[in-house]
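Chain by chain, the residues:
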Amino acid sequence: MDQRTHRIEAFNDKRMKGNKIFKILSIDGGGIKGLYSASILKKFEDTFGCLTTDRVDMVCGTSTGGLIALAISLGIPAAEICDFYVQKGKDIFPPHRLKIPLLGYIDLFSLKQALFWGKYSGRGLKQSLNDIFENKRIGDSRNLLCIPSYSVTKARPRVFKYDHREGKLSTDNSLLMKDVALATSAAPTYLPLAEIAALSKEQFVDGGVWANNPTLVGLLEALMCFVGKGKEYDSIQILSISSLSITEGRETGLRKRRSFMGWKSALFNTTLSGQAFFTEFFMDKIGEIGDVNIDYLRIPSDSLSRAHESLIDLDVANEKAYNLMRIKAAYQAAIFEKQEKVINFFTTPKTYIV
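Described in the following lines is the structure provided in the data block. (Residues numbered from 1 in each chain as written. Predicted model: local features only at pLDDT ≥ 70, side-chain atom pairs only at ≥ 80, totals over all residues. Heavy atoms only, no water.)

**So, the overall build of the protein**
Counting its regular elements, the protein contains 13 helices and 10 strands. Across the 354 residues of the protein, 52% fall into the buried class. Looking at the protein as shown, the accessible area adds up to about 16,800 Å², and 55% of this sits on carbon and sulfur atoms. (Helix = DSSP H or I, 4+ residues; strand = E, 2+ residues; numbered from the N terminus. Buried < 20%, exposed > 50% of the residue type's maximum accessible area, 1.4 Å probe, protein only. Areas by Shrake-Rupley, 256 points an atom, 1.4 Å probe, with all protein chains shown as cover.)

**A word on the side chain of Lys119**
Inspection of the secondary structure puts Lys119 in the loop between α5 (108-115) and α6 (123-133). For Lys119, a relative accessible area of 6% translates into the label buried. At a separation of 2.9 Å, a polar atom in the side chain of Lys119 contacts the side chain of Asp315. (Polar contact = N/O pair within 3.5 Å; in protein donor to acceptor, adjacent residues only side chain to side chain.)

**Digging into the layout of surface pockets**
Roughly 190 Å³ of volume is contained in the second largest pocket. Sorting the residues of the lining of the second largest pocket by element identifies β6 (156-161) and α9 (215-225) as the ones contributing at least two each. Here the lining of the second largest pocket gets three residues from one element, more than from any other, and that element is α9. Looking at the lining of the second largest pocket, its residues break down into five nonpolar, three polar and five charged. (1 Å grid on protein atoms, 1.4 Å probe; cavity = no way out; pocket = protein on both sides within 12 Å on 5 of 7 lines; lining within 4 Å. Points joined across faces, edges and corners; volume = space filled by probe spheres on them. Nonpolar A, V, L, I, M, F, W, Y, C, P; charged D, E, K, R; others polar.)

**Looking at α6**
Taken residue by residue, α6 has Gly124, Leu125, Ser128, Leu129, Ile132 and Phe133 as its buried positions. Buried residues of α6, viewed axially, fall in a sector of 140 degrees; they line one side. For α6, the exposed residues lying more than 90 degrees away from the buried face are Arg123 and Lys126. Packed against the buried residues of α6 are α3 (64-73), α4 (78-92) and α7 (177-185). With its phi angle positive at about 50 degrees, Glu134 sits one or two positions after the end of α6. (Arc of directions from axis to C-beta. Contact = heavy atoms within 4.5 Å.)

**Description of empty space enclosed by the protein**
Summed over all chains, the structure comprises two cavities of 30 Å³ or more. Counted as a void, the largest cavity has a volume near 220 Å³. Elements with a contribution of two residues or more to the lining of the largest cavity: α3, α4, α6, α7 and α11 (265-289). Among the elements that line the lining of the largest cavity, the one with the most residues is α4, at three residues. Looking at the lining of the largest cavity, its residues break down into 14 nonpolar, seven polar and one charged. Taken as a whole, the second largest cavity holds about 50 Å³ of empty space.

**Quick word on the packing of helix α2 (residues 34-48) against α3**
At a minimum axis separation of 9 Å, α2 and α3 run at an interaxial angle of 35 degrees. Crossing of α2 against α3: the hand is right-handed. Between α2 and α3, the residues in contact are Gly34, Ser37, Ala38 and Leu41 and Thr64, Ile68 and Ile72, respectively. Among the residues making up the contact of α2 with α3, the classes are represented as four nonpolar, three polar and no charged. (Axes fitted to C-alpha atoms, helices over the stretch in contact; angles between N-to-C directions. Left-handed = near helix turned anticlockwise from the far one by under 90°.)

**Overview of unusual backbone geometry**
The backbone of Ala155 sits at a positive phi, close to 55 degrees, despite the residue not being glycine. Looking at the secondary structure, you find Ala155 in the loop between β5 (144-151) and β6. A residue is classified by how much of its surface remains accessible, and Ala155, at 54% relative accessible area, is exposed. One non-glycine residue with positive phi stands out, namely Thr189, at about 75 degrees. For Thr189, a relative accessible area of 32% puts it in the partly exposed group.

**As for the packing of aromatic side chains**
If you walk through the whole model with that rule in mind, you get nine aromatic pairs. Plain terms: the ring middles of Phe44 and Phe346 are 5.1 Å apart, the flat faces sit at 50 degrees to each other, and that makes the pair tilted. Of this pair, Phe44 sits in helix α2 while Phe346 sits in helix α13 (residues 340-347); the two residues are 302 residues apart in sequence, bridging distant segments of the chain. According to the relative accessible area criterion, Phe346 is buried, its value standing at 0%. Taking 6.0 Å as the distance between ring centres and 10 degrees as the angle between the ring planes, the aromatic pair formed by Phe48 and Phe346 counts as stacked. One end of the pair, Phe48, is in helix α2; the other, Phe346, is in helix α13, with 298 residues separating them in the sequence. Take Phe48: its relative accessible area is 12%, and that puts it in the buried class. Members of the aromatic cluster, each reached through a chain of ring pairs, are Phe22, Phe226, Tyr233 and Tyr352. In this structure, Lys20 is placed above the aromatic ring of Tyr233, and the distance from its NZ or CZ to the ring centre is 4.9 Å. Just above the ring of Phe345 sits the side chain of Lys23; from NZ or CZ to the centre is 4.9 Å. (Phe/Tyr/Trp six-rings, centres within 6.5 Å; stacked < 30°, edge-to-face > 60°. Lys NZ or Arg CZ within 6 Å of the ring centre and 35° of its normal.)

Printed below as a string of structure tokens:
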């Protein structure tokens, strides 16, 4: 018996002795950088010979992570999700630097973003979501779902969920997945507000404005409905996958008074990174003080220097960016696929059947 087989059997023995484990996969937002997260999942599916949908009880995803979560819940292989990003990236985020004689490259889209209607029209995203999700609805999911968004109409966070028997009845199962994917990924100033006709034309923006790392959203849902005293499950296992982000800090002496144009994409990216770091800090501490055993693992962004900053951004869709994301994902996946927590996660089946 090899070491990996021994660890798997020991883990299964633990499950058989009454410690029923609720498994959550959480995927960060990050625009086109979702290719990094999807590529890590592709490597895990290849290594362990499985589909992610068969290994998780709940999938949580924000923004581009919400798109990945919805696709996973339909049983779409991670390899096809990766292909989606490469094939549709330039449709969603068309090239926005134009070369003007004598002036060089000018980013006219950023000027449009700062002063007028937002950087992109959203038509490419809508068509791309229609291509992958067609007329599938939340009720077609094979997994429990938590997809954060923010309702501008009601001025409060909104989490789209699979309507399960343990929770309050809702109408989310009837919603089209492409509408929910649009609602979670409508990044302010980048894309138009998302409007869902089935919800009386309620308007939404990117869930990343409050939950770019949706781990806490999934944890709260699990504790309220599935795990703990008097519930079906005894403990929680969470795998959280980061987007690719700048990991080096900035030098001191930056100009202190900065306009929107001075901040550019750093304004939104700073918000996303700050939320993700807080969630990670919270998860590192919650396991020490709670009564429920919470087994948490975060796969972070691989090291990304400022030298790569011009290649990697949430709306930079080109072959150089794709190749760098694939390389970084392959490196991280090769490290984490050897860890016992990841092995257990992808070699034991889900137990909650929707």
